[in-house]
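These are the residues of each chain, in order.
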Amino acid sequence: MPVSSKETTAMKTTTTLTSGEDKTSKHSQFPHSPDFPFLMSSSSYPITLKFMDVSYRIKLESKSSGGSNNLRKMFSSGPTSSSTDIENPTATIHHERTILNGITGMVSPGEILAILGPSGSGKSTLLNGLAGRLQGHGYTGTILANNRKLSKPVLKRTGFVTQDDVLYPHLTVRETLIFCALLRLPNTLSRKDKIAVTDSVITELGLNKCEDTIIGNSFIRGVSGGERKRVSIAHEMLINPSLLILDEPTSGLDATAAYRLVSTLGSLAQKGKTIITSVHQPSSRVFQMFSSVLVLSEGRCLYFGKGNEAMNYFESVGFSPSFPMNPADFLLDLANGVCQFDGVSEKERPNVKQTLISSYNNLLAPKVKAACLDTTSTVPKEITYNCSSYKRTCTSSFSNWFNQFSILLQRGLKERRHETFNYLRVFQVIAASLLAGSMWWHSDYTDIQDRLGLLFFISIFWGVFPSFNAVFAFPQERAIFVKERASGMYTLSSYFMARIIGDLPMDLILPTLFLAITYWMTGLKPQLLAFLLTLLVLLSYVIVSQGLGLALGALIMDAKQASTVVTVTMLAFVLTGGFYVHKVPACLAWIKYISTTFYCYRLLINVQYGEGKEISDMLGCSHQGTDRVSCKFIEQDINGQIHPSASLGILLIMFVGYRLIAYLALRRIRA
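Parameters at a glance
Residues numbered from 1 in each chain as written. Predicted model: local features only at pLDDT ≥ 70, side-chain atom pairs only at ≥ 80, totals over all residues. Heavy atoms only, no water. Pairing = 2+ DSSP bridges. Helix = DSSP H or I, 4+ residues; strand = E, 2+ residues; numbered from the N terminus. Axes fitted to C-alpha atoms, helices over the stretch in contact; angles between N-to-C directions. Contact = heavy atoms within 4.5 Å. Polar contact = N/O pair within 3.5 Å; in protein donor to acceptor, adjacent residues only side chain to side chain. Core = buried A, V, L, I, M, F, W, Y, C linked by side-chain atoms within 4.5 Å. Buried < 20%, exposed > 50% of the residue type's maximum accessible area, 1.4 Å probe, protein only. Domains from an automatic or database assignment. UniProt positions renumbered as here; feature names shortened; annotations may be inferred. Salt bridge = Lys/Arg side-chain N within 4 Å of Asp/Glu carboxyl O.

Focus on the sheet that holds strand β7 (residues 243–247)
The pairing of strands in a sheet comes from backbone hydrogen bonds and takes either a parallel or an antiparallel form.
Moving on, step 1. Taken in spatial order, the 6 strands line up as β6-β7-β8-β3-β9-β10 in an open sheet, and their pairing is mixed. Every interior strand has two partners, whereas the edge strands, β6 (158–161) and β10 (300–306), have only one. Strand-to-strand twist across the sheet, computed as the mean angle between neighbouring axes with direction ignored, equals 15 degrees.
Moving on, step 2. Bridge analysis of β6 against β7 gives 4 bridges, and the strand direction is parallel. Residue pairing for β7: Phe 160 is matched across the bridge by Ile 245.
Moving on, step 3. The sheet contacts of helix α10 (residues 225–237) involve β6 and β7, and relative to β6 the element is tilted by about 160 degrees.

What about the side chain of Thr 534?
Moving on, step 1. Along the polypeptide, Thr 534 turns up in helix α24 (residues 528–556).
Moving on, step 2. Engagement of the side chain of Thr 534 in a polar contact is seen with the backbone oxygen of Ala 530, the distance being 2.8 Å.

Concerning the nonpolar core
Moving on, step 1. Core analysis: the largest hydrophobic core is formed by 177 residues, its most contacted members being Ile 233, Ile 276, Leu 294, Phe 314 and Trp 462.
Moving on, step 2. A total of 15 residues in this core trace back to one element, the largest contributor, which is α24.
Moving on, step 3. Split by domain, this core shows at least three residues from each of two domains, domain 1 (100–340 + 350–375) and domain 2 (422–668).
Moving on, step 4. If sequence neighbours within four positions are ignored, Ile 276 has contacts with Leu 49, Val 107, Leu 113, Ile 115, Leu 127, Leu 130, Leu 243, Leu 244, Ile 245 and Leu 246.

A closer look at the UniProt feature "transmembrane region" (unreviewed entry) in the protein
Moving on, step 1. Per the UniProt annotation, the sites labelled "transmembrane region" (unreviewed entry) are residues 423–442, 454–475, 496–522, 528–555, 562–581 and 646–666.
Moving on, step 2. Across residues 423–442, helical content stands at 85% and strand content at 0%; the span's end C-alpha atoms are separated by 28 Å.
Moving on, step 3. Overall, residues 562–581 shows 70% helix and 0% strand. The separation of its end C-alpha atoms is 27 Å.

So, the pattern of salt bridges
Moving on, step 1. Throughout the structure, instances matching the rule amount to 14 salt bridges.
Moving on, step 2. Residue Asp 165 is joined to Lys 229 by a salt bridge in which the shortest nitrogen-to-oxygen separation is 3.0 Å. Residue Asp 165 is found in the loop between β6 and α8 (173–184), and its partner Lys 229 is found in helix α10; the two are separated by 64 residues along the sequence.
Moving on, step 3. Accessibility expressed as a relative area gives 25% for Asp 165, which makes it partly exposed.

Some thoughts on the sheet that holds strand β1 (residues 49–60)
Moving on, step 1. Here we have 4 strands laid out as an open sheet, ordered β2-β1-β4-β5, and antiparallel in their pairing. At either margin of the open sheet sits one strand with a lone partner, and together these are β2 (95–107) and β5 (148–149).
Moving on, step 2. With respect to the sheet, helix α15 (residues 352–373) is in contact with β1 and β2, its orientation differing from that of β2 by roughly 60 degrees.

Here's the deal with the environment of Trp 462
Moving on, step 1. As for its position among the elements, Trp 462 is in helix α20 (residues 448–470).
Moving on, step 2. Expressed as a C-alpha distance, the spacing of Trp 462 and Cys 600, which sit 138 residues apart in the sequence, is 9.8 Å.
Moving on, step 3. Leave out the neighbours within four places in its chain, and Trp 462 touches Val 429, Leu 510, Pro 511, Phe 514, Leu 538, Tyr 541, Val 542 and Ser 545.

A word on the pairing of β10
Moving on, step 1. Burial analysis of β10 places 5 of its 7 residues in the buried class, which makes it a mostly covered element.
Moving on, step 2. Note that strand β9 (residues 292–297) and β10 share 6 bridges and pair antiparallel. Residue pairing across strands places Val 295 opposite Tyr 303, the latter belonging to β10.

Structure, rendered in structure tokens:
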């Protein structure tokens, strides 16, 4: 039977999928790079990745419920139940959207597979699926690594570079990579060996010139966009991955920087690594470096095959540019449904997308699937983790809990040193202490009203200040936390403890400085023991207030919303703290017993006045009655209040409880 020209071209396009072609011919297209022991080591385990009929669908809920969805998600552990939708008729309508529809392809060691398509075509979703990061009922299909299903050992050898460069802005390039190496590389390597690995990666990716420059961000001047992207790649290269997946690594880069970056990827592919990357609009010389190309449009595949045969294929199915142009631009035009037809009226023009989808399904798809189903090619044996032969990959946990904690603590202190010793924060505290010391300068011990006002001011200031600062801790680090947890860099508990303890030095130094100035200027009880007890109460109150901020920040995970909630919460605590209102309405009285301000205020009063007998006798309240204003303050604020041990016990419960809430809230975040 004669074969049509279209089928002949399509068959040529897919010959690379089934033939055992010499990889050296591919390698020659990549620029030469120097040989570095770590990256060029033969321990890299080659991975051939195949994906067949990958589909992903999501349900779109009605937006009629408005902002209440955020609060529902905050306090619910899973998707909204169907009963809620039944009760709310406006929420019963669900639309299912198909993100990916039957995507099939494969990529071998030494190759770069480029996924092209317009925004919203499903490129990032497909990459997440190939990296084993898609879950749920809407995800179907088969992904095989060396003809076997994805397993943890394979995922451990998979590097994933996200589209956004999620890095700490105040660390230098070298510091960033050293901390990553210390966390991700196994304990069988010494610290010196891990630093040597870091140096080799820095050299390999051409980061020597900027290794001592901070990463920076949109507000802080640091490395360039191309260098920042290479740092993200270096993050993954530290573990010597066999499969490297990158989500639009050239976005935001000029043509030259993009070419250099893809050249780096080419040099990595030369060493037997499997590279998969999505690109939005590559230049013609970047396009020529791709071994194979997958074109997506609205979640459907338009083409899969060798990059240099793409134009011939589309010409064979009736689509060709009217003038010479960048192949990538032409493919993106087709993916967007744009194509010029000379001498054809508007009504007679075919539907470009539907025509290309149909052509792919009839001509290419069967051969691509047949190539993926072919298991005759030689593949390595399944990855086994024998410590004697694979010391690098044997220790799956990379490092024990204490090592993770100490490394994360060091990194946190280095990253936040700019804000820990921020002169504005120090100035704010010193200014507040001097202002309070001046307002209550050598206040009289018997002037109870003024003294109680001072103690309550201290309770307000050191309740709001630490809680408002702490509420931003987890929301600001969410992106980095999710990325690093997905990579298995550390356990949640080690990160949580390092974050809490790393914030303590400044949280304890500043209130100590404040009290050292204010206490003696205002003439509070001139005894060293009284000062130390006041300091102990204040520091306990500060870390409890910090815990409140951490809990609200971790629960809400939105800086603006969390700051609003903590402001309202502290306002309620202050109003029921026992100074402004003594007869709190019964419906609001319960707030007093969960108010951190109330217990701090009671303890501060107890340190200064005890049970009130001494000041009561001094003012003669027992003989003259309680009609005097000072005696009323003694009766209402000092006498017969909650016992100090009870206040301390409740603060201790709050200290543990708030942090436990924050920890559990972080556990709910999917890595």
